[in-house]
Each structure stands twice: as structure tokens, then as C-alpha cells.
Amino acid sequence: MAKQFEKRDRRFLGIGVQSAIKGFFGGNALLSIAILLLICVFLGKEAFLFFPDHHKGLQLYRKSGQEYVDGMKRQVEDHADLNSLMAQAYFAEKADIAGREWGVVDAFGYLVDLAEDEGEDEIDAWADAREELEDAEEDAEVKRAESEARAAWGEKLGEILAKADRAEADRFGRLEAGEWERLKASMAEWDPVEEEPPAFVVQAEKDLKAKMGTFEAARNAFAAAVGPLNDLKETLRGKAMVVKEEAEADLTAVARKKALVEGAAASTNSEDRQRRLDEAAAIVIREKFPFAERTEVFYESKPEHARLAAEYLVALKAAMELVPRAPGSKEAEARLTQIRSELPDVLQDFSRNSVMVQEWRHDKPYGWWRSISAFFFGKDWVTNSSWHDFFGLLPLFTGSLLISVIALMVAVPFAVSAAIYVNQLARRWEQTIIKPAIEFVQAIPSVVLGFFGIMVLGTFLRELSQVEALSWVPGFPMAERLNILNAGLLLGLMAVPTIFTLCEDALNNVPRAFGEASLALGASKLQTVWRVIAPAAASGILAAVLLGFGRVIGETMVVLLVAGNKIAIPDFSEGIGVITQPAHTMTGIIAQETGEVDKGSLHWRALFMVGLILFVISLFLNWTAQRIIHRFRIA
Amino acid sequence: MSFVPQLNERSMNEINFDATPEPALPAEIPVMSPAKSRGTEGKEAAKSLIEIEDLGFSYDLGQTETLRNITLSIPKGQVTSFIGPSGCGKSTLLRCLNRMNDLIDTAKVTRGKIKIMGQDIHAADVDPIELRKRVGMVFQKYNPFPKSIFENAAYGMRIQGVKSQKVLAEAVERALKQSALWDEVKDRLNSSALGLSGGQQQRLCIARAIAVQPEIILMDEPCSALDPIATARIEELITDLKENYTIVIVTHNMQQATRVSARTAFFYLGELIEVGPTTKIFGNPSKKQTEDYVSGRFG
Amino acid sequence: MWRDLTGYAIFAFCTYFVLLCAFYIFFDITAKGLPVLMDKGTDFLTKSPETLVVFKDEADEIVQMPMSEYSVFRKDNPAAVIRDEHTHSYSAGGIMGPLVGTALLVIVCMLVALTTGVATAIFLNEYARKGRFLNLVRLAIMNLAGVPSIVFGLFGLGVFCLWPWLPVLTYEPSESAVLVFAVPFTDGWLSFQGWGTSILAGGFTLAIMVLPVIITACEEALKAVPMGFREAAMALGATKWQAIRTAVLPYAKPGIMTASILGVTRVAGETAPIMFTAALAHKGALPWQEAKGSGLFWLSDFLTQSVQALPYHIYTVSARIPQSEYTEPMQSGSVFVFMLLVMIFAGLSIYLRGRYRKNLKW
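## Re the overall build of chain C
Broken down by element type, chain C carries 14 helices and 6 strands. Over its C-alpha atoms, taken along the principal directions, chain C stretches across nearly 90 × 85 × 30 Å. A total of about 16,100 Å² of accessible surface is found on chain C, and carbon and sulfur atoms cover 64% of it. Measuring between centres, the 26 positive side-chain charges of chain C sit 19 Å from its 25 negative side-chain charges.

## Comments concerning the overall build of chain A
Tallying secondary structure elements over chain A gives 24 helices and 4 strands in all. Relative to the globule expectation of 26 Å for 635 residues, the C-alpha radius of gyration of chain A, 36 Å, shows a markedly less compact shape. The dimensions of chain A, computed from C-alpha atoms along their principal axes, are 150 × 85 × 50 Å. If you take every contact in chain A between residues at least 6 apart in sequence, the share linking residues at least 24 apart comes to 78%.

## Observations regarding the domain arrangement of chain C
For chain C, the domain assignment lists domain 1 (52-87) and domain 2 (96-359). One C-alpha centre belongs to domain 1 of chain C, the other to domain 2 of chain C; they are set 43 Å apart.

## Quick look at the interface of chain A and chain C
Across the contact, 77 residues belong to chain A and 81 residues belong to chain C. Both sides together, the interface formed by chain A and chain C hides about 6,700 Å², and carbon and sulfur atoms give 80% of it. Scanning the region where chain A abuts chain C turns up 1 salt bridge. Remark: the boundary between chain A and chain C carries 5 residue pairs in polar contact (both at pLDDT 80 or more).

## Description of the state of the cysteines
All chains considered together, the criterion is met by 0 disulfides over all chains. Among the cysteines around C40(A), which has no disulfide bond, C161(C) carries the closest sulfur, lying 20 Å off. Residue class for C40(A) comes out partly exposed when judged on its relative accessible area of 33%. Distance from the sulfur of C109(C), which forms no disulfide, to the nearest cysteine sulfur (C218(C)) is 13 Å.

## What to know about the domain arrangement of chain A
Entries for chain A in the domain assignment read domain 1 (8-48), domain 2 (101-167 + 174-213) and domain 3 (398-431 + 443-631). For domain 2 of chain A and domain 3 of chain A, the distance between their C-alpha centroids amounts to 62 Å.

## A word on the pattern of salt bridges
Pairing between side chains of opposite charge can happen when their charged atoms approach one another. Residue and element names in this part refer to chain A. As enumerated under the stated definition, the model contains 43 salt bridges over all chains in all. Among the ionic pairs, R275 bridges to E279, the shortest N-O distance being 3.1 Å. Taken together, the residues span about one helical turn, with R275 and E279 both in helix α10 (residues 270-282) at a distance of 4 residues. Here E279 falls in the partly exposed class, since its relative accessible area comes to 39%. Each of D272, R275, R276 and E279 takes part in salt bridges that share partners, so that together they form one network.

## Re the sheet that holds strand β1 (residues 49-56) of chain C
Residues and elements named next belong to chain C. Read across the open sheet, the 3 strands follow the order β2-β1-β3; overall the sheet is antiparallel. Both outer strands of the open sheet, β2 (62-66) and β3 (83-93), are each paired with one neighbouring strand and no more. Averaged over neighbouring strand pairs, the angle between their axes works out to 20 degrees when direction is ignored. Lying on the sheet, helix α3 (residues 67-76) is in contact with β1, β2 and β3; it crosses β2 at an angle near 110 degrees.

## A look at unusual backbone geometry
The phi angle at N384(A) is positive, at roughly 55 degrees, despite the residue not being glycine. By secondary structure assignment, the location of N384(A) is in the loop between β3 (381-382) and β4 (390-391). A positive phi angle, close to 50 degrees, is found at D84(C), a residue other than glycine. Structurally, D84(C) can be placed in strand β3.

## Here we look at the environment of E122(A)
All names here are of chain A. Structurally, the position occupied by E122 is in helix α4 (residues 120-135). Spatially, the C-alpha atom of E122 lies 7.0 Å from that of A149, the residues being 27 residues apart in sequence. For E122, the contacting residues outside a window of four places in its chain are A152, W153 and K156.

## Overview of the sheet that holds strand β4 (residues 167-170) of chain C
Residues and elements named next belong to chain C. What the 3 strands build is an open sheet, ordered β4-β6-β5; its pairing is antiparallel. The sheet is open, and its two edges are formed by β4 and β5 (179-182), each paired on a single side. Here the average twist between neighbouring strands, direction ignored, is 20 degrees. Summarising the sheet, β4 and strand β6 (residues 189-192) pair through 4 bridges and their orientation is antiparallel. The partner of P167 across the bridge, within β6, is F192.

## Some points on the packing of helix α16 (residues 428-443) of chain A against helix α1 (residues 2-40) of chain C
At their nearest, the axes of α16(A) and α1(C) sit 10 Å apart, and the two run at 45 degrees to each other. Of the possible angle classes, the one that applies to α16(A) and α1(C) is oblique. Like other packed secondary-structure pairs, α16(A) and α1(C) cross with a definite hand, here left-handed. Only T15(C), Y16(C), L19(C) and A22(C) of α1(C) make contact with α16(A), whose side of the interface consists of E430(A), I434(A), A437(A), I438(A) and V441(A). Split into classes, the residues belonging to the contact of α16(A) with α1(C) amount to 7 nonpolar, 1 polar and 1 charged.

Cut-offs applied
Residues numbered from 1 in each chain as written. Chains lettered and ligands numbered in written order. Predicted model: local features only at pLDDT ≥ 70, side-chain atom pairs only at ≥ 80, totals over all residues. Heavy atoms only, no water. Helix = DSSP H or I, 4+ residues; strand = E, 2+ residues; numbered from the N terminus. Areas by Shrake-Rupley, 256 points an atom, 1.4 Å probe, with all protein chains shown as cover. Lys, Arg positive; Asp, Glu negative; His and termini not counted. Charge placed at Lys NZ, Arg CZ, Asp CG, Glu CD. Rg over C-alpha atoms; globule rule 2.2 N^0.38 Å. Contact = heavy atoms within 4.5 Å. Domains from an automatic or database assignment. Buried area = accessible area lost by both parts, 1.4 Å probe. Salt bridge = Lys/Arg side-chain N within 4 Å of Asp/Glu carboxyl O. Polar contact = N/O pair within 3.5 Å; in protein donor to acceptor, adjacent residues only side chain to side chain. Disulfide = S-S within 2.5 Å. Buried < 20%, exposed > 50% of the residue type's maximum accessible area, 1.4 Å probe, protein only. Pairing = 2+ DSSP bridges. Axes fitted to C-alpha atoms, helices over the stretch in contact; angles between N-to-C directions. Parallel < 35°, antiparallel > 145°, perpendicular 65-115°, else oblique. Left-handed = near helix turned anticlockwise from the far one by under 90°. Nonpolar A, V, L, I, M, F, W, Y, C, P; charged D, E, K, R; others polar.

Right under this line is the structure:
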């Protein structure tokens, strides 16, 4: 008897057709795992090569003395911050108590500029004529020419004065009534050759000096206090730069020499060959770069730094003594108070930096942990700098986080409410309209939203912030059109559909019986939603928020276009007003810089490292969301 | 008698179809020789076509057994009913017969064997695909494809690689005639099967199953989704079909079992309680449980 | 009672406010972009971007001219008075190049994504047994869905553009090729040199990004095909693959179509993944004008061309060039056309899905 139901599967190389087909499909499914692994590998490889390079870079930064110089630089910069506050105070005071005089002096300056500009020919002619007159005082011809030239100038001056724009001359409206005319009238006294100001202006200058003299002296003393230290820094900075460049050249010396010799060998032109060989001969190959020898100059400058630092403290104190106790302007007073309150911190930083400078040694080993934390907690992201590239994540991370938080604060209430409304409260026809409409919102390309942010929302927000009645809002009026708030709002709109859809699913998963039970007990629809359905869906809603967060923090184009792209940690001193400042983000920096970076450079690797961090954050959020959904799933 | 010559005869029949424009109805001329042989053997102690020996079956890799110790032989050319309360394993056993349970990842035959036409169907070299071509199945919920009536009936042939439009047309016509649907649909073979009534759709499913001329047709509660009139048509059809096919039917409806089947097997909690001629099972059961069930005391 | 009403009103307000915001954006962009399109007509769609020259002629009238026209004008009128001449990049011409580039990227992406996506969905829904592998695949897909698009961009840059072990057919292998084979009967080479910034690299990057969307949507389509179809086919002796091919895929096809249009919507709107893998801000010729060779060599050269892409073009004109009143028409017009395209696809996918869900009656 023949066998029944025998296999007829065709086989090739011992593999059945059916299993081959299955294998094909399975292989494709495997692809998603493979891609995930590949992402890990590719990002991970570049990113983890980053740390050794970064470490090396920082070691060189120390060895070359750059770190030493940057210690001083920080001292100077801290002072500069205070100095700008001081300048603000000074000008506020000047505007307030000597506004008229200042206005006169400024307007005079404008008129002089205008006259010298427009009447250049006449002035020159008159000057020439006067010179000739000096040589030949009695010559009637010359005399006549001189008076003609003077008349021509006078005429021109009249023209110029008629043309002069008051709004331009007195931009801040400081002149009092009639003074513009008086000033113009007094211009006749002005001698464009000798450049003697008219008496009216001289008087104003004198008054200004009387009113602002002490403050000005204080301000100048304050500004000058750091001068010597700054000079020392500048001198040393140049030296450190040279050391660094030479040390870097040393690293490539062997390779460059080899390339030149090879090039010479390949060259057919004897002149060119000789040039190359000479160049190659000029390259000194050192076993080890003599850092100790080259950095001696920094060690030698340490006593001078100590002296200058001490002098600075004395000079600063003296300058502060000069500052008027009771300035006439509220604004000036506020600034001065700010200086006084910040001063202790600045001085503390100053002495800390002094200690750092004094203790700096080029051969002190740079700790691994320090170089790693310099990436994760570094406050500067400075690239393409001739000095030293800093790769600190903190400004980017802060920007991303701030923008995401704002986006979520906007999106979550709207999305959750909309989900509850559509799922529980809306009429049938509303559901059939709203759900697709929200999907439409999801389809708006991010670059379109970014464009809208630049063109419309930014302008709108800034105009809104300039409304007088809203000046109490922290951060208003905003200085920048493109800022955290603008990006946050747009991303919020982007996150709404994601959160909405997931929330709606979560609400759908709540068994009908829950709601029915509550309704049957006499609860109103809203009570039921609030007390029964929403809590039952809470875990799903939480997961939706997490996934929304993942979407927002990973979004690129909107933040690239709208966040303002300023690489700095936003200034939190204004509290919630921080959101009106521009910022840069992790996604934005990758998009902006990756295209222009050499493959395999430290900068390139730093960008991949940022990418890896984004990847890890998104995996973490996803995974957590899934865990939450899984754990609290209603059976 | 071995099956090989029957197969030969069958293929000869197919050739004959090519020659004869109007194939004879099975009722008048026994088209297929298996039926003829069944006719002669049926009166004597029927030769069993399916032998189930001490079968154990589990849906969860052997942790709990859904079927236990089933030993049963199903004779050729008859209708055999499986009855029993819900969850007793009758459908499971039915699906074992053409290895449809293979589609469930964790399903497993834990012991025993099933022989169809003398062949252990779980043997390593048995292809379930080949098995299913010979053991057709009709499901509880009629499931025609959303295609034309013709395409539905021709589906099995197409799967087996039949391309000739003529062969297909003849096979479809024969199947539709056998399933008593021909007169109702012959004018609209190309319209969608979903336009048919429920009973017609189920008969189309039967036509689809018999178009490939299986030896055995398994029916899993074929009438449970139909109204009484459609049910009657199907039952009539089953009675007609038993001339040519061995039919195993799972049913909830005890009247249906008495109307259509020659033999009945009663299952309870995964075990075969009793099997015998339908008249005996319903008239004079030997087991108490059977009697309780058929008299409607439980189930 | 009034509390219920207020609550109700708050929920309704939140819902409609979001829609209102979105509607305002549509409205604003249409209001700015439509006049540009009307004004420039079909030229806007059939010309590529070029530099705009603005100057004052002898009558002190401001004249705007595309660079190509301007050079002809200068040649023809060497004596013409031209004052205050200044140029604005990408602000003249139309958006043909970016449109074509986006279309090519979408096509390559969908070819790749649909093949693997549908195959994966078939595996997951039809073949896979519950177990560790399946869980792993699902986990991978779910996590892939959450990865930021810029990370895909970096990944694509690392793998598809710069990784040298990807082959191209070329007549002039690059010096950085790691492996080169001569192709018999031609004077070309099969060179493993990576794809560089190209349609292929961008398309693959986008495909990987959109894969989870396609897989999920295709799985939904497959799940919607009743089990009975598979059983009926199998019971008739169909092999697994026959059952899938004849009794599952034909009925999942509308769903798969919907999935692919959904995918197109996602992909067409993305900028970040193509920024460094495919798109250039400026490209004079269309890809087929620059591709050389014949047959497969032509195809290879064609696919390894870089392109302009509409979203990247928008980014360029709205953020990377100095802004002025002369750059605005190009910005508004591009944004409008782009939004319109994406919205059409989005609408189509939403409509198709709605219809498809409604028509599931088996």
C-alpha cells in the first residue's frame, strides 16, 4: 500500500519552501531588532570613542596652561558682568538726574557729525582759506576768499541745520522745550575748524560733569580695577595658545614628515621636491613635548597674579566706596543694590579662581571622572574655537528640558481634556469630526510649525509682551522673538495629538461596566468621568504623557527654527521669566552642527554622544510607559 | 481493498468529466467508485476509515488534557455524529482529524494515534497539507471568501494548482450540484458570495469543501448559525452526500444527530462515553451519562 | 447642575481650542501662500529655485529678476543703469527640484519600508509563535517608534552615507572604496564605497524611521481578516503561504494601502532624518539630468545623487538665509505647497481608513 499523505514539499538545499518563506518573513521581523542594535552600535561606537579623545583634549588644556589662563579669564569675566551692571546704573542715573544736559551734549554730537559729514567740502575750503590767511594776513584777496569761504560755510550750516532731524538727534527725548532751537542757534558759534563747542554746550557739559562727576569717577575706577589682571591674562593667553598649537603640531609631526617625504619622492619638479624636503627637515620630532619647560612662564607669573589679584580687591573696594550712596534714580539704585548683593558671591568665586590659578600645575593628572563630568555637567558648549573646544551638555539639556516641560504643561491639560470630552461627553457627530481633525493636526509637518513660529507666533508673542498692561507677567517684555516659550507652545500643539490618541485608547480600555455602575448609582456623567473613569485610566494617561514627553524632547525642526539657538544655560534668576529667553537644544545642536563637522573629529563624536543620550532618554521613556501600561492593565 | 486503485479510478473519473459535457448526478450514477465500494461494504460491518487509538490531546503543551483516552473507529460511507455538552472536546477531536489544531502553537497530541486510511496522520513524513486535501472541513460559522461564488467553489482546486478554466468550471458545477446550490446560483456565479443567504453561504462552504473531492468531510456544528429552514436544507444535503463521502459531524442538536447520522459518539469532559448506532444511543443507551444527556437532563 | 455644565464647557473648550489653533495655522499659511501660487502660477511648480536679483533701474523702479534672466539681461543691455543691486539666495524660480527630491525620497522609502514592513507584519501576525523572539521583536518595534527622528538621521549618516561596506555600481570607483569588483561585460565596477549623501541613503533612513508605523498598521489590517478565512483555506489543503497569499493578503490589501499612505504622510513631512543623509540646500540639476551611464549603472548613479527636498528647502529659506521682503514669497509658497501635499496624503489616509473600517463586514 502506498503511503498516504506523503510530504510533497519541494526542497532546496535541504530547506523546505514553506520554511524558506517563513524564514524570509522572520528575517524581516528580525530586522527591527537588528536596526535597534545597529543604532546602539553606531551611536555607541562614535560616542564612546568620544570620552578618550575628550579626556586627551582636556589634558592638553591643562598641560598647555590654557586652564591656568582660563582661571584668570573667569575672574575677569565675572568682573565684566558686574561692570555691565555698573554701566547700566551709571546711565540710568545720568538719564534721570542729568537728562537735559546729556541730551544737549548728545544732540550737539549729532549735529557736529552731520555738519562735518555734509559740509565737509565747505569746512575744508574754509580751513584752507584760513591757513592761507594766517600766512598772508594783509592780502585783501586772501581775506576776501576767507570771508567768502566763511559765508559759504555759514550758508551750508544753515542748510544742514534746516535738514537736521530732531528725532534722530534726541532719540530719547531728553531735550527740554525750546532747547533744540537754542542748540541750533548756538551752532553759529561753533567753529568747525578749531572744533570749539559753543558756550551753550560748554555749559551743559559742565553741568553734566558737576552732577555725574563722582559717579563717573566711581564707574571708571570700577572698570579699571580689573585692568592689570586683564593685561596679564592677555599676555599669558597668547603664550598658552602657542604652547597648545605646538603641542598639537607635535602630535602630527611624524605623520606630516612622512607625508612630505613621500610627496617629495613622488614629485617630478626638483624645486618642489627640495621645498618639501626642506619642510620635512624643519619638522622636529620630539619624543615628548617639553611641557615643563614651555609652561615655566606660567609658574613664573603666579606671584604677579597673586599681587594683581590682591590689588584688584583693593581697587574694587575703593571704587565701591566712590559710588554715591543715594543715587537719584530708582533704576540706578536697583542696579547698585544688585551689584552689592552679587558682590560677595563674585568675590568668593574670585578667590576660588585665585586658589585654582595658584594651585595649577601642568603635570597634575586629569581625572577620568572629571573629564566625564565635564561633558555631562559642563556649562559651556563652545566649538570651532581657536582657544579650546568645550563640550558641556548642560546648556543643551537644560534647553531641551525647559522647552519640553513647557510643551507638556500646555499639551497635557488640553489633550487629556479633549480625550475625555471626545470619549465620554461628546455627541456622536462630534466624535466623528474631532478624531480625524486631531489626526490632521498630527500630520502638520514640524518644519511648517517652525515656519509659523518664526513668522507669526514669535511676532505675536513679542507684541503681546510689549503691551503695557501685561508688563507684570514675568519675563515680559521679551527681548527675543525666538525663545523657549515660543518653541514650547508649538511643541505643545504637536504633542496634543500623540497624548490625545493614547489617552483616548486608555479611556476606551476602561470597561463599560465601571461607568455604568457609577451612573446606575445616580452619579452624574461628569462625576462618573471624574471619579471612576479617569482614575481607572490614570495609568494609561500617565503613559501617554510619558510618550508625549518622548515625542517632544526628540523633536528637531521646531526647536531648531524657533528656540533661538543660543548656547547658554538660560538665566534662572528671573524665576519663571526664564522662558522668554532663547535656548539651544540637544536635537537642535545635532541638526545644526553635524553637517559641518569632520567625520571622526572630537566634535563629531560629541554630537553622536548627544544623539546617544537622546536615544537612551527615548528608550527609557518608552520602556517606562510600556511598564506602566503593562502593570496597571485592567484585566 | 487498497486506496490506490480508488485514486486511480478517481483520476479516471476526472478524465471522464472532460469527455462528458454533463456529468451525471451522483444520485443516479455513482460517479465515484469509492461510493460504489462503500455501497457494497456499508451493509456489512462497515470497514473503519478512521481509527482513533487511545488519543490524548492538550491545548497547553500537555499540562491539562482536553481529550483523554479516546478510542474510536469511524466507518466509511456513513455519517457519524459527535454529541456532548459544550466543552466536552467533540470539536477538538474533530479538528484533530485533519490536524487543524496544528495551527494552535501550544496544541499537542499527548499520546495515542489517529489512523486515517491506515496511515498514522501524526507520523513524521505525513504532510498535513496533503492530509487536509483529503479530509475536508466545514465550519460552524459559514466563512465564504469575499469573492464570487465561482471563485469560492474553485478555491481548493486553484490552491492545488488546477489552472484549466474548463476543469475548474466542471468541478465547480459538480460541487455546486452536489451541494444542491446549483439551481439557485447558476445564473450568478460571478456575483459575490456574501450576497447569498446564510444557509446558501454554508452550502457554498460545503461545495467548496467537496469540490476537491475529499474522502472525508468534517462538519463542525454546520447549522448552529442558521435558521430552521436552512438547517433542514443542510441536513438534507448531508443525507445526500453520505452516498459519496464519509462524514463526521459535530452537533449540539440531538434531533439533528438522529436525523442525519448512522452512528453517534457521545463525549463528556474530554472522554468518549459511548459510541454506537444512533438508534441505540438515543433509544437504549448503555451508559447513565448518555441517557441523562440525550433525555435532556443536562447539557 | 451648573457645575456639570461648567465642567462640560471646560472640556469642550479645551478640545475646540486645539482645533481652532490648528485651523488658524492652516488658514494663515494658506492666506500667505495661495496668493504666491496664484501669482507665480505653474512656474512655481515647474522651475527650480535660483537666486533672486533685485535692483533699481534708471527710473528708480525696483526690478526683480532671477539670476539666469539677469545675466541674459546684462549681456543684452550692457549699458543698462543698475543701482542698489542685491541678491537673495533661493528666492526666485520655483520649487521643482525640492518637489522632485521629496517625491523620490518618499518612493524609495516606501518601497523599502513596505517590503520589510509588510513582511514583518505577516510574520508577527501569521507565523510567529508566542515566545521570547516575538516579545523581543515587539519590544524592538515599540522602542523604534519612540526614537527621535534626528537620531535616525545620525544613524543614517553613520550607516548609509559613511559606512563603506555598501555597494554601488560605478564607472569611477571612489578612492575610499574598500572593495572593488569589475563587472563582467562592462567597463564598470561594483564598488563598496558607501552611498554618500544620496536618495538611497535618505530613503533607507526614512524607511527605518517609518517602519514601526507601517508594521503596526499592516498588522491591524491583517488582524482584521477573520480567522475563518485562514481556516477555510487550510482545511482545503492550502499551505500556510498559499493561505496567506490567497485568503489573507487580498483582504488585507485596502488596509495595507491605508498603512502605506499613512507612512507617506509621516515620511514626507520629516526633515531631520534627511538633513545630512540626502538633502542639499542647493542643487542645480535634477537627479536624472546628472545621472550617467546606462542600465543598472544609470540607476545606481541616479539613486546615489543627492537631492533638494521640500522640507529642507523650507528650513533653508526660512532660517538659513537673511530674511527680507523678497524672500517671503518663496517661503510662503513653499510652505503652503508642502503643507497642502502632506495634508492631502493625511486626509487620504484618514478617509481610506474610515471607509475601510466601515466596509469590514465579513
